[in-house]
Every structure is written in C-alpha cells, then in structure tokens.
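Survey of secondary and tertiary structure
So the chains spell out like this:
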Amino acid sequence: MAADVAAASRGFRSVFSLLTPNESSFQTVDEVPKYVQQATPYFVGLMLLELLVGVLRTGGSVVTLSDGVTSISAGMISRLPLLLFRGCELTAYVYVWDHFHLMDLPWDSAWTWWITLLGVDLGYYWVHRCSHEVALLWAAHQVHHSSEYYNLTTALRQSVAQQFSSWIFYLPLALAVPPSVFAVHIQLNLLYQFWIHTELISDLGPLEWIFNTPKHHRVHHGRNIYCLDKNYGGILIIWDRLFGTFAPESDKVIYGLVFPIRTFETLHVQFHYYSHLWKRSRRYRNVSDKILTFINGPSWKPGKRRLGDYQDNPKVTLKEVPHNPSWSLLLHVYVAVHFLLVLRIYHGLFGNQMVLPQGTVVALTAHVLLTLTALGYVIDQRPWAPFLETIRCVVLMILLRLGHVTPVLPSLAAPTQAFVSLSLIYWILQGFSQRLRINNKSD
Ligand SMILES: [Zn+2]
Ligand SMILES: [Zn+2]
C-alpha cells in the first residue's frame, strides 16, 4: 500500500518534473521508467480538473470536443512509431555514447543529474528555436501550434515527424552524460511542458523570472506580431532571456497559426505543411530561392531577412474567433464514444506490445490511424466520412469478435457490439442518402 502511494506520488510529481536525483537515477537505460506512458492518468485527471475549473470560473468550456479530440489524436499519432522502435533521440544518443564518449560522468551523482537537466533544457531551447526558424523543421512543429485554443489538450498536440530532427541537438551531451540519465531528463523535460498549456493560471510571481510558465508559453502560442518566434524555453525561461528571444505577455493573445488551417482532419494537421512548402518552392525560378524556402523561416520571401517580415502576415484584430463549425449533438456523442473506444485500443497496444504478435500490433496500429482519420472527417463533415466510417465500423466489429478489442467492463461487451452495429447501419444509410442527393442534383 505504502509502495503504491509512493509510486503514485512519483508519477504525479514527474508531470511537473519534481523528482529528486535520488529517486530518478538509474544505472541502465532499461531500468528507466516510462514516465510519459505512466503519466497518462495524471494527464486525464488534470484535463478534467481544468475543464471543471474553467466551467466554474467562466461559465463555459475551455475545450471543444472537435479541437480536444484533434489535439489528443495528434499526441497519439506522435507516439505510434515507439511501438515499432525506440525513439530516435535515445537511439542516436546511445550510439554516440557507445562509440565516441570522452568522459564518463557518474550515473548516480546528483551533479550529473542537475547538469543533464540543464543540458537537456538548453538542447530543447535550440531544437525548439530551429523548429520555428527553419521552414522544413517548422513543417513538423507547426502541428503543436495548429490549435486556436490554449488548454491542456493543446500540450498533447504533437508532431510525429519532429523526433526525426530533434535528436541531433542532444548529441553533444552524449560525449559525457550516460544514456540512462539522458533517458530520464528527455522525458521529464517533455512532461514539464504539459501543465503550462492553460489559461487558468495567470501569474506565478518570482517563478516567472526563471521558469517557463503558462504566462510565458501563452505568448509562444500567439499569432500576434509581438508573440512570433518568442519564448522557446522548455523548463527554464532563462535561455530566452539570455539569447534575446523573450517577450512578456501584454496584449490579449490570439492563438494558432498565422494562417489557421481550419480543419480537424488529423493527417492533414500532421503533414499539410510539407506540400505547402513544396508548392511554394516551385513558384520560384531561382534555385537558391527554392532551397531557401526550406531552410529560412516560414515567413521568409525572396529579398527579405532570414525570418521574413512579420508585417507581411495577416494583422491580428483581437476579434478572431476560433474555427468551431456546428455539428449535431448526436454526432458529438458518436465521436466521443468511438474516441473512448480507440483510446482503449491504443492503451492496450502500448500495454501489451511485448506479448502481441507483430502482425497484430501492425493491424491495430493501422486501425488506430484509420479511426483517428475517419473521426476527423466526421467532425469536418466531409463527403468521404460515410465511406470511411462504414469501412472502419466493419473492421471494428471484426476486432471485437476476435477479442482484440475489449471494453473496460465485461458487462459492456454486448452494448459495445450493439453500438458499433448501429453505427455501421447509420453510415450505410448516410452513404445511400448522400448518393441519392448527388444523383438528384445531377438530374
Ligand atoms: Zn513552438
Ligand atoms: Zn506549447
């Protein structure tokens, strides 16, 4: 019992990076807990708390189902590659440590722990800064900025592609810091950034001088001119103060991309900017301009400074309203239930990846991707939604029959089967009525 309480306390404190060197130093990488995975219940608890406090304080919800589902979907997709291989950051790090390390800092020293905290946070500052200042890297990172809301679900809106470039920035640490210490801090650094995504904490007094806080990070998510390319810090804000990228919160912050994407389709959110960049580069005749499109800032145009001229961007009027198309209450319930079901599948996948056959892991991963894509189509009310949903519901019925998907309680098995069957019938009928409407229009 006491051990359970201690584990729960460690799990909760890990979300705020409040672990001591003593309880989070390990000799080998394999001993390092999966802090991010273990934090899931605390994420859910804190998101529900934010929702409740938001309702009590403002009388309205701080999160919409469409935006929240899109953000959590992005977070889920970003971690899917971990089912098949160890993260790029750790893999590259271990390789450099094994072949090139110059010093061997002791893994069980508090000094090593603190130096690594600072080193990882400095590495993160540069990962993050380059992800904003190099358009090709921004193509991945823009996912995190694509919400026009700012709440705890926004923290989970992560890019699947970003890890394929971020690993480079941490390699200098591998010359001296053992991988097990790095493996702890790369997770704690990410976890810390969860709680700062909220509008409900206004000011934290003297802590604002040293730490990255909700107030500083709100500025980072703004599309007002004063917010652009500012406040890159992870845990500490001192790096921004040192390197001249700090901006205090002043005008009301309007969140999201300079050119909002106005969609909840999850693969579009992840990958749309790559094709945008490609099309932009093709517009230029000059080869150097074509190349600079990818390596200069996303606002850059030929003849302008490296980061472009912010004045060329659309002006913020402070009257912007986030994209929130109306859709029926029935579809809200539908999306919420199916999203809970896919969360259950996702959770089972990560919990049982070691014991499941590789083929089953791949099939369930594909189903998770199909579900997140199809639900985005439903929210966006796209013409392809009935088709995708019909296929998805058939696959889900098969998975339920084969026992690859099990409800939280055994007693929910029959209602779940019935719900999925009803869903299938609904989308078949929707598909037919859509076809009829198209035929009537063309007549
Ligand atoms: Zn950013
Ligand atoms: Zn953020």
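Quantities reported herein were computed from a predicted structural model and do not represent experimental measurements. (Residues numbered from 1 in each chain as written. Chains lettered and ligands numbered in written order. Predicted model: local features only at pLDDT ≥ 70, side-chain atom pairs only at ≥ 80, totals over all residues.)

A short note on the overall build of the chain
What the chain contains, in helices and strands, is 19 helices and zero strands. For 443 residues, the compact-globule estimate of 2.2 N^0.38 gives 22 Å, and the C-alpha radius of gyration of the chain, at 23 Å, lies within 12% of that figure. For the chain, the C-alpha atoms occupy an extent of roughly 70 × 60 × 50 Å along the three principal directions. (Helix = DSSP H or I, 4+ residues; strand = E, 2+ residues; numbered from the N terminus. Rg over C-alpha atoms; globule rule 2.2 N^0.38 Å.)

Some remarks on the domain arrangement of the chain
With domains assigned, the chain is organised as domain 1 (2-243) and domain 2 (329-442). For domain 1 and domain 2, the distance between their C-alpha centres works out to 31 Å. Counting from both sides, the interface comprises ten residues of domain 1 and, opposite them, 15 residues of domain 2. The element that contributes the greatest number of residues to the side of domain 1 that touches domain 2 is helix H4 (residues 65-79), accounting for seven residues. A breakdown of the residues in the side of domain 1 that touches domain 2 according to their chemical character gives six nonpolar, four polar and no charged. (Domains from an automatic or database assignment. Contact = placed C-beta atoms within 7 Å. Nonpolar A, V, L, I, M, F, W, Y, C, P; charged D, E, K, R; others polar.)

Quick word on the nonpolar core
In terms of nonpolar packing, the biggest core is built from 65 residues, with Tyr-170, Phe-182 and Phe-194 touching the most fellow members. Broken down by element, this core gets its largest block of residues, ten residues, from helix H10 (residues 179-195). Residue contributions to this core reach at least three from each of two domains, namely domain 1 (2-243) and domain 2 (329-442). Excluding anything up to four places from it in sequence, Tyr-170 contacts Glu-89, Tyr-93, Val-120, Gly-123 and Phe-182. Residues Val-62, Tyr-149, Val-219 and Tyr-255 belong to the second largest nonpolar core, which totals nine residues. (Core = buried A, V, L, I, M, F, W, Y, C linked by C-beta atoms within 7 Å. Buried ≥ 20, exposed ≤ 12 C-beta atoms within 10 Å, placed from the backbone.)

Digging into the UniProt feature "transmembrane region" (unreviewed entry) in the chain
Here the UniProt feature "transmembrane region" (unreviewed entry) sits at residues 42-65, 109-127, 329-349, 355-377 and 408-429. Secondary structure across residues 109-127 comprises 95% helix and 0% strand; the distance between its end C-alpha atoms is 27 Å. Its end C-alpha atoms 30 Å apart, residues 329-349 is made of 100% helix and 0% strand. (UniProt positions renumbered as here; feature names shortened; annotations may be inferred.)

Considerations on the packing of helix H14 (residues 266-283) against helix H15 (residues 287-295)
For any two helices packed against each other, one specifies the crossing angle of their axes together with the interaxial distance. H15 packs onto H14 with a crossing angle of 155 degrees between their chain directions and a minimal axis gap of 8 Å. With respect to their mutual orientation, H14 and H15 come out roughly antiparallel. The hand of the H14/H15 crossing is right-handed. Here Leu-277, Arg-280 and Ser-281 of H14 come into contact with H15, specifically with Lys-290, Thr-293 and Phe-294. (Axes fitted to C-alpha atoms, helices over the stretch in contact; angles between N-to-C directions. Parallel < 35°, antiparallel > 145°, perpendicular 65-115°, else oblique. Left-handed = near helix turned anticlockwise from the far one by under 90°.)

A word on helix H18 (residues 385-402)
Taking 1.5 Å per residue, 18 residues should reach 26 Å; H18 reaches 25 Å between its end C-alpha atoms and fits that length. Looking only at H18, the buried set comprises Ala-385, Pro-386, Glu-389, Arg-392, Cys-393 and Leu-396. Viewed along the axis of H18, the buried residues span an arc of 125 degrees, placing them on a single side of the element. Away from its buried face by more than 90 degrees, H18 exposes Arg-401 and Leu-402. (Expected span 1.5 Å × (residues − 1). Arc of directions from axis to C-beta.)

Observations concerning unusual backbone geometry
At Asp-229, a position not held by glycine, the phi torsion is positive, near 55 degrees. Looking at the secondary structure, you find Asp-229 in the loop between helix H12 (214-220) and helix H13 (238-243). Assessed through the 17 C-beta atoms surrounding it within 10 Å, Asp-229 is described here as partly exposed.

Some thoughts on the environment of Leu-204
Looking at where Leu-204 falls in the secondary structure, it is placed in the loop between H10 and helix H11 (207-210). With 14 C-beta atoms packed within 10 Å, Leu-204 lands in the partly exposed category. Separated by ten residues in the primary sequence, Leu-204 and Pro-214 place their C-alpha atoms 8.8 Å from one another.

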